[in-house]
Amino acid sequence: MNYSQPQTMNPLRTDVLVMTPWFAPIVWDGTFNINLLNQQFKLRDVKIGLTVFAIKKYVVFLQLFLETAERYFMVGHKVNYYIMTDRPEAVPKVTLGEGRSIVVLKIQNYSRWQDVSLRRMEMISLFAKEQFIQEVDYLVCVDVDMKFSDCVGVEILSNIFGTLHPGFFRTQRQHFTYERRLESQAYIAHDEGDFYYAGGFFGGTVEEVYKLTNQCHNAIMTDKANSIEALWHDESHLNKYFLNHKPTKILSPEYLWDNSMGVPIVLRKRRFVAVPKNHAQIRNK
Ligand code: 5GW
Ligand code: MN
C-alpha cells in the first residue's frame, strides 16, 4: 500500500491537543490516514453496532439519521443499526448497503424524559450482555436527533472511547457542568476532571461498553435510592466513569457538533451534527 511517510519533525496538527497525558489519541481531521486504518480493520472483518434510542416523538429523527448514516457511517464495513423504540411500526424503511442491517428492539417508554435519557444506560447494558456481544465487535452509542454530514469511520474505534462536548472543549475544569453535590455518585470535585464528555456519543468493544453502561446504571440506581438525580443525568455519570476509567481514544467535537455554536477554525470537519428541534413540540407527549 502506498501512502505518505509520517514525518517525525512535522506534526500533523499544532493547533489542538492530539494526545492525552495517558497516551490516548484525540481524533481530529488530519491526524490519521483512513486508508491505512480501513485496511487494518477490514483484515479483522470488524462488525460495528450503532445503538440509537427513538422513544415517543423522537422517531421522526430516524429517517434522516439512517439515510445520512448510510452515506457516512463506517462505509465499507459491516454495520448493525440497533434501534431501541417503543414504536417499532414507526421505524422507516431505508435502503441499506451490503452487510448492513436494521435491528429493531422494542423497549418500554418512560413518562419522565429524564428517565428516557437515564435508562439508556440500563438498556444498552442489558442488550450488550444478551445480544450485542454475539453479533458485533464494537458498539457506538449516539443520540438520534442528529445527522451525519461527513465521514465517521473506523478511526473512532478503540477499547473505550468518549467525545469532547462541543460546548466545553475550551473550558477550564472548574467550569464544567459536572455533578457537584457530594451526595451523588456522579460527584466530581472542582479540581478534578480531564474533559467534559458528551452523553450523545461514546462507545468501545461490547465488553467495555457493557462495563461502562452497567456501572453507570448502578450509580443511577444508587442515586435514585438516595433521592438524588445528577444534573445532566446519564451524561454526568458518563463523565464520572471516564474520570476513573480513562478512555483509550477521544473524539474531537468534529464528531458531535451543534451549529448553534458557530464553526471555529480548529473545526475542519463537522461529521455528526445536531438537528435543530422545536423543544415544545417534540418533547411533549
Ligand atoms: C424527551 C424530552 C426531553 C428530553 C429528551 C426526550 C427524549 C429523548 C424522547 O422523548 N425520546 C427519545 O428517544 N430521547 C432519546 O434521548 C433520543 O435518542 C435523544 O437523542 C436522547 C437524548 O435526548 P436529547 O437529544 O433531547 O437531549 P439533548 O441534550 O441532545 O437535547
Ligand atoms: Mn440530542
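Owing to the predicted nature of the structure, the values given are computational and were not obtained by experimental measurement.

*Asks:* Quick one: what's the story with the side chain of asparagine 80, residue by residue and with numbers?
*Replies:* For asparagine 80, the position within the fold is in strand 3 (residues 78–85). For asparagine 80, a relative accessible area of 6% translates into the label buried. Side chain to side chain, asparagine 80 and tyrosine 82 meet in a polar contact 3.0 Å long. Other than its neighbours up to four places away in sequence, asparagine 80 contacts Lys47, Ile48, Gly49, Leu50, Ser101, Val103, Glu135 and Val136.

*Asks:* Give me the packing of aromatic side chains: which residues, what numbers.
*Replies:* Tallying each qualifying case throughout the model produces 20 aromatic pairs. Aromatic rings pair up to connect Phe65, Phe73, Phe148, Phe161, Phe201, Tyr255 and Phe272 into one cluster. For the cation-ring pair, lysine 246 lies above tryptophan 22, with the distance from its terminal atom to the ring centre recorded as 5.2 Å.

*Asks:* Tell me about the site of ligand 1, and please be specific about residues and values.
*Replies:* In the vicinity of ligand 1, the residues found are Phe53, Ala54, Ile55, Tyr58, Trp113, Val116, Arg120, Asp143, Val144, Asp145, Lys277 and Arg283. Here an oxygen atom of ligand 1 sits 2.6 Å away from a polar atom, N or O, in the main chain of phenylalanine 53. A distance of 2.7 Å is found between an oxygen atom of ligand 1 and a backbone nitrogen or oxygen belonging to isoleucine 55. Its free accessible area being 590 Å², ligand 1 has 84% of it covered by the protein chains. Counting only elements with at least two residues in the shell around ligand 1, the list comes to strand 2 (47–54) and helix 3 (113–135). For the shell around ligand 1, the element with the highest residue contribution is helix 3, accounting for three residues. Here the residues of the shell around ligand 1 are counted per class, giving seven nonpolar, no polar and five charged.

*Asks:* Lay out the pattern of salt bridges with the relevant residues and their values.
*Replies:* Taken as a whole and assessed by the stated rule, the structure comprises 15 salt bridges. A salt bridge links arginine 100 to glutamate 70; its shortest N-O distance comes to 2.6 Å. Here arginine 100 is found in strand 4 (residues 100–106), whereas its partner glutamate 70 is found in helix 2 (residues 62–72), with 30 residues between them in sequence. Among the residues examined, arginine 100 registers a relative accessible area of 10% and is labelled buried. Several salt bridges share partner residues, and in doing so they unite Asp29, Glu254, Lys269 and Arg271 into one network.

What counts and how
Residues numbered from 1 in each chain as written. Chains lettered and ligands numbered in written order. Predicted model: local features only at pLDDT ≥ 70, side-chain atom pairs only at ≥ 80, totals over all residues. Heavy atoms only, no water. Helix = DSSP H or I, 4+ residues; strand = E, 2+ residues; numbered from the N terminus. Buried < 20%, exposed > 50% of the residue type's maximum accessible area, 1.4 Å probe, protein only. Polar contact = N/O pair within 3.5 Å; in protein donor to acceptor, adjacent residues only side chain to side chain. Contact = heavy atoms within 4.5 Å. Phe/Tyr/Trp six-rings, centres within 6.5 Å; stacked < 30°, edge-to-face > 60°. Lys NZ or Arg CZ within 6 Å of the ring centre and 35° of its normal. Near = heavy atom within 4 Å. Areas by Shrake-Rupley, 256 points an atom, 1.4 Å probe, with all protein chains shown as cover. Nonpolar A, V, L, I, M, F, W, Y, C, P; charged D, E, K, R; others polar. Salt bridge = Lys/Arg side-chain N within 4 Å of Asp/Glu carboxyl O.

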